Amino acid sequence: MLLDVQDLRVDLAGNTQALAGVSFRVVKGRILGLVGEHKAGKSLTASAILGLLQPPARVVGGRALFEGQDLLRMSDADLTRVRGARIGFVVQSGHTTLDPNTRVGAQLVRAQSVHRPIVPAEAAWRAETIMSSMGIPEPRLRAEAWPHELTPATVQRVVLALALINEPQLLIADEPTAGLDITTQVQILDLLYMELRRRRIGGVLITRDLGVVAQYCDDVGVVYAGQVVEQGPVTQVFARPAHPFTRAMLATMQERLAIAGDRNFGGALPPAAQGCPYQPRCGEATERCAVAPPLVGAGVHAARCHFARFGAA
Ligand code: SF4
C-alpha cells in the first residue's frame, strides 16, 4: 500500500470539526480521485497529509501511512524531506507555487538541490529535459524566463515539472486545472495522466468533477461533510453507486442539475448527534438515519449509509 489514510480528523477554530474521520487508500501505480462539493474537505485532507494546514486548523486524530511511515507524526524536518521528493504535489493556483523572483530554470534546479547533492550542470540538464517532456517548447529559452512571462498553461506545466522532477512515488494534485480554459484543462489532465502512468506513480487527483474521475482515475473516494462516504474502483462505483449522495452527483453529471437541498455544514460539521450528515438532503432518510452510519462494504466497494445498495444501479 502506497498511502493508507485512516480516520483522519481535523478541527478548525473553536474545535469545530472539519474532517470527521477520512479514510482511503492509494495503491502503487493507481490513481484515486477524491471528488465532492466545494468545502467538503478534499483540499483540507491533502493539506493535512502534507503537513500544510494553516492554523487554527489542526490534526486531532488518525494516521496517514506513506510506505508504512505516519506522515502525521513526522518531524517537520523529516516531512520536508518527503514532501517535494517522495511525494510531489500540485496545488490549485499554480502561479502561487512559483517564486516570482526566480527564473523558471533556477527554480527547477533548486527543487532538486534541496533534496540531494547534485552537480549544477546535471540539475540544469534535468530541468530542461523535464520541461521538454511537459510539452514546453524551447525549454532552454523558457528556463531563463520569469514566471510572469509565462502563459497560465505553461505555468501549470512548470508546476507539474516541479512536482515530478525528483521522481516521487506519489503525486497529490489538488484541482490542478482550476481557473484554466477548457482546452488547457484537458491538455494538463492528459499530461498528468500520461506522466503518472509512464512513471508508475500513484496519484491522488482532487476534483469536483465526476467526469474527470471517470476519465482519469482507477479508484474513487466520494467526500461529503468531512468523510469519505463511498469508495471503490471507478467502474464499480459508477455502475452501482451505493450511497444516495453519489447517485445524486452522478445524476447532476448526466442532467446538469443542482443537488437538492442546502449543505448544512458550511465548512464545519453538524454535531454528531444529528446522525448521518447527508440526512437533511437525502430523499431516502428514515428514523434510523438519526444515528451516524458506519462504513459498510461489499469487497473493495464500501459506503457510509444504513441502506447502501451494492447490487442495484
Ligand atoms: S444513512 Fe440515511 S440519510 Fe444517510 S445517506 Fe443513507 S439513507 Fe440517506
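A.B. asks: Please clarify how the packing of aromatic side chains should be interpreted in this entry.
C.D. replies: Here a ring pair, both rings aromatic, is described through the centre-centre distance and the interplanar angle of the planes. For the coordinates displayed, the defined rule picks out four aromatic pairs. Judged by centre distance (5.4 Å) and plane angle (65°), the ring pair of F245 and Y278 falls under edge-to-face. Separated by 33 residues along the polypeptide, F245 in helix α11 (residues 244–255) and Y278 in the loop between α11 and β11 (296–298) bring together distant segments of the chain. This pair shows no difference in class: F245 is buried, exactly as Y278 is.

A.B. asks: Which parts of the structure should I look at to understand the side chain of D4?
C.D. replies: With respect to the helices and strands, D4 occurs in strand β1 (residues 3–11). A distance of 3.5 Å separates the side chain of D4 from the side chain of R25, its partner in a polar contact.

A.B. asks: What am I meant to see in helix α7 (residues 152–164) here?
C.D. replies: Each turn of an α-helix holds 3.6 residues, which means side chains three or four residues apart point in the same direction. With 13 residues, α7 should cover 18 Å at 1.5 Å per step; its first-to-last C-alpha distance of 19 Å lies within 8% of that length. Across the 13 residues that make up α7, a large majority, twelve, are buried. Turning to α7, its buried residues are A153, T154, V155, Q156, R157, V158, V159, L160, A161, L162, A163 and L164.

A.B. asks: For this particular structure, what's the right way to read empty space enclosed by the protein?
C.D. replies: A probe as big as a water molecule, rolled over the atoms, marks out the empty space that is left. According to the stated counting rule, one finds three cavities of 30 Å³ or more in the structure shown. There is about 90 Å³ of room inside the largest cavity. Lining the largest cavity are 13 residues, with P244, C276, C282, C289 and C305 sitting closest to its centre. Roughly 40 Å³ of volume is contained in the second largest cavity. Lining the second largest cavity, in full, are I31, L189, L192, Y193, L196, L205 and Y216. Considering only residue class, the lining of the second largest cavity consists of seven nonpolar, no polar and no charged.

A.B. asks: Is there a simple way to think about the pairing of strand β10 (residues 227–233) in this case?
C.D. replies: Residues in a regular strand project their side chains so that they alternate between the two faces of the sheet. Along β10, seven of the seven residues are buried, which leaves the element largely enclosed by surrounding structure. Between the antiparallel neighbours strand β9 (residues 219–224) and β10 lie two residues, among them A225 with a positive phi of about 50°. Sheet topology note: the β10/strand β12 (residues 301–303) ladder contains two bridges and is antiparallel. Along β12, the bridge assignment pairs E230 with A303.

A.B. asks: How should the sheet that holds strand β4 (residues 58–66) be read in this particular structure?
C.D. replies: Spatially, four strands are ordered β2-β1-β4-β5 in an open sheet, and the strand pairing comes out antiparallel. The open sheet is flanked by β2 (17–26) and β5 (69–70), the only strands paired with a single partner. Bridge analysis of β1 against β4 gives seven bridges, and the strand direction is antiparallel. Looking at the pairing, D4 lines up with L65 of β4. Along the sheet face, helix α1 (residues 42–50) touches β1, β2 and β4 and points at about 105° away from the line of β1.

A.B. asks: Would you mind going over the site of the ligand with me for this structure?
C.D. replies: Around the ligand, the surrounding shell holds 13 residues, and the nearest of these are C276, C282, C289, C305 and H306. For the ligand, the cavity whose grid points lie within 2 Å of the majority of its atoms is the largest cavity. Residues belonging to the shell around the ligand are distributed by class as follows: nine nonpolar, three polar and one charged.

Reading the values: the criteria
Residues numbered from 1 in each chain as written. Predicted model: local features only at pLDDT ≥ 70, side-chain atom pairs only at ≥ 80, totals over all residues. Heavy atoms only, no water. Phe/Tyr/Trp six-rings, centres within 6.5 Å; stacked < 30°, edge-to-face > 60°. Helix = DSSP H or I, 4+ residues; strand = E, 2+ residues; numbered from the N terminus. Buried < 20%, exposed > 50% of the residue type's maximum accessible area, 1.4 Å probe, protein only. Polar contact = N/O pair within 3.5 Å; in protein donor to acceptor, adjacent residues only side chain to side chain. Expected span 1.5 Å × (residues − 1). 1 Å grid on protein atoms, 1.4 Å probe; cavity = no way out; pocket = protein on both sides within 12 Å on 5 of 7 lines; lining within 4 Å. Points joined across faces, edges and corners; volume = space filled by probe spheres on them. Nonpolar A, V, L, I, M, F, W, Y, C, P; charged D, E, K, R; others polar. Pairing = 2+ DSSP bridges. Contact = heavy atoms within 4.5 Å. Axes fitted to C-alpha atoms, helices over the stretch in contact; angles between N-to-C directions. Near = heavy atom within 4 Å. Sits in = over half its atoms within 2 Å of the grid points.

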